[in-house]
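Letter by letter, the chains look like this.
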Amino acid sequence: MCFFRPVLMGGLHPHDRRDGLSRFQFVVPVLLILGFAGAAQGEASTFKGSPAKVQVPKVEREGIWQPAPGGTQVPLWPASVVLAQPDTGDHPEATGNGSPLVGGRMWYWASYVTRPTITIYRPKGRNTGAAMMVLPGGGFYAVATDLEGTEICDWVVRQGMTCVLLKYRTPQVWENAIGKQQRPKVLLGLEDAQRAMGMLRERASSYGIDPHRIGVIGFSAGAYLVANMSNTEERTYPLTDAADRQSPRPDFAIVAYTARMLDSSKGKNNLELQPWVKISAKAPPTLILHAMNDPTDNVRQGMAYGLALNDAGVPVDMRLYAKGGHAFGMRPTADPITREWPGQVKQWLRNLGMLGHR
């Protein structure tokens with residue numbers, strides 16, 4: 001999800017900390033109004049057309065993101081652990097709203113995240129024992145906390161699963177060298193995602209989950225992190241405790257409109273991956289979701305990744321729709337993908353045996 005572009009204050013580069021830290025202002029470009037319904041509810045005839053994009057003022061406010069009642073936010077790392085900081089150094093965490101409206105409603109983000117967290121949402125009734133970790137998008141500039149976070153968890157817990165929202169460290173800029181984007185050698189969001197998976201397995205009994213039935217869903221930048229988690233167990237940080245001795249690889253993976261996978265320099269119809277994308281035969285069963293008309297992350301991103309997994313012998317399902325654009329969220333529009341993909345996910349999880357009772 002490429003919601004954010006930094007405007008560098010005073011001409012500073014985000015890595016230039018000669019004045020203590022560099023400061024970002026997030027400018028949110030036009031975003032297609034997309035979403036998906038909780039369980040594919042409602043008839044297509046209800047939607048006569050996609051609503052007009054309604055621009056609203058973007059407001060940023062300093063403060064730590066807090067979940068609504070029902071979610072328990074837990075520090076991801078012990079306070080004694082010194083973490084690598086995002087590009088904005090020790091800038092205080094902030095939250096803000098994006099623009100335009102999505103599904104007729106505001107959407108929000110958190111950034112300048114230096115102390116990442118997980119927020120646990122437990123099912124109120126039936127508990128299948130399965131869990132899903134949610135990695136929102138935000139272009140590695142921020143974390144879209146509701147549109148691709150808490151609203152996803154609302155749906156997950158209704159399926160009898162525990163949901164875990166990851167607020168990972170941001171921002172982290174991907175540099176350009178000779179006109180080509182470069183992946184950071186150490187990806188802070190990946191470290192946080194791997195740590196979170198280890199914590200969930202280590203604390204599975206206290207959270208009421210099966211340590212062998214924990215999957216992930218990610219959106220855009222978050223989807224790229226999901227792909228990384230799926231294909232490696234190597235960590236770039238020192239092991240902290242027992243949680244870091246657990247496997248960081250998920251048991252299933254859902255990749256929604258992924259980014260930063262395709263080497264587009266090879267030609268329009270090429271499906272070759274970027275050199276930094278590694279594929280493992282140990283990757284878990286994967287479901288890929290994408291819209292053919294995505295203007296932000298070309299559908300070939302997901303196609304290339306899916307084909308590479310298939311070549312490695314990994315079970316892959318793909319759900320491609322003609323329309324839907326980018327950034328689905330949990331808000332229905334006229335585009336069928338926004339109302340149908342939760343049902344597709346539910347059936348896929350059932351096929352994997354994730355929605356049965358323990």
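Note: the structure precedes this text.
Residues numbered from 1 in each chain as written. Predicted model: local features only at pLDDT ≥ 70, side-chain atom pairs only at ≥ 80, totals over all residues. Heavy atoms only, no water.

Undergrad: Looking at this structure, I do not really get the pairing of strand β7 (residues 117-121). What am I missing?
TA: Regular strands show a simple pattern: their side chains alternate between the two faces of the sheet. The buried fraction of β7 amounts to 5 of the 5 residues, a majority that puts the element mostly inside the structure. Burial of the side chains of β7 extends over both faces: T117, T119 and Y121 are buried on one face and I118 and I120 on the other. Note that strand β4 (residues 72-75) and β7 share 4 bridges and pair antiparallel. Bridge pairing links T72 to I120 in β7. Sheet topology places β7 next to strand β9 (residues 162-167); 5 bridges connect them, and they run antiparallel. Looking at the pairing, I118 lines up with L166 of β9. (Buried < 20%, exposed > 50% of the residue type's maximum accessible area, 1.4 Å probe, protein only. Helix = DSSP H or I, 4+ residues; strand = E, 2+ residues; numbered from the N terminus. Pairing = 2+ DSSP bridges.)

Undergrad: Could you clarify how one ought to interpret the packing of helix α2 (residues 188-202) against helix α4 (residues 221-231) in this entry?
TA: One way to put it is that α2 packs onto α4 with a least axis distance of 10 Å and a crossing angle of 60°. Judged by the angle between their axes, α2 and α4 are oblique. Helix-helix and strand crossings are classified by hand; for α2 and α4 the assignment is right-handed. In contact with G189, L190, A193 and M197 of α2, α4 contributes L225, N228 and M229. Among the residues forming the contact of α2 with α4, the class breakdown is 5 nonpolar, 2 polar and no charged. (Axes fitted to C-alpha atoms, helices over the stretch in contact; angles between N-to-C directions. Parallel < 35°, antiparallel > 145°, perpendicular 65-115°, else oblique. Left-handed = near helix turned anticlockwise from the far one by under 90°. Contact = heavy atoms within 4.5 Å. Nonpolar A, V, L, I, M, F, W, Y, C, P; charged D, E, K, R; others polar.)

Undergrad: For this particular structure, what's the right way to read the pairing of β9?
TA: Among the 6 residues of β9, 6 are classified as buried, and the element is accordingly described as predominantly covered. Of the two faces of β9, the one carrying T162, V164 and L166 and the one carrying C163, L165 and K167 are both buried. Taken together, the 4 bridges between strand β8 (residues 131-135) and β9 define a ladder with parallel strand orientation. Paired with A131 across the bridge in β9 is T162. Running through helix α1 (residues 146-158), the crossover from β8 to the neighbouring parallel element β9 is right-handed. (Right-handed = clockwise from strand over helix to strand, strands pointing away.)

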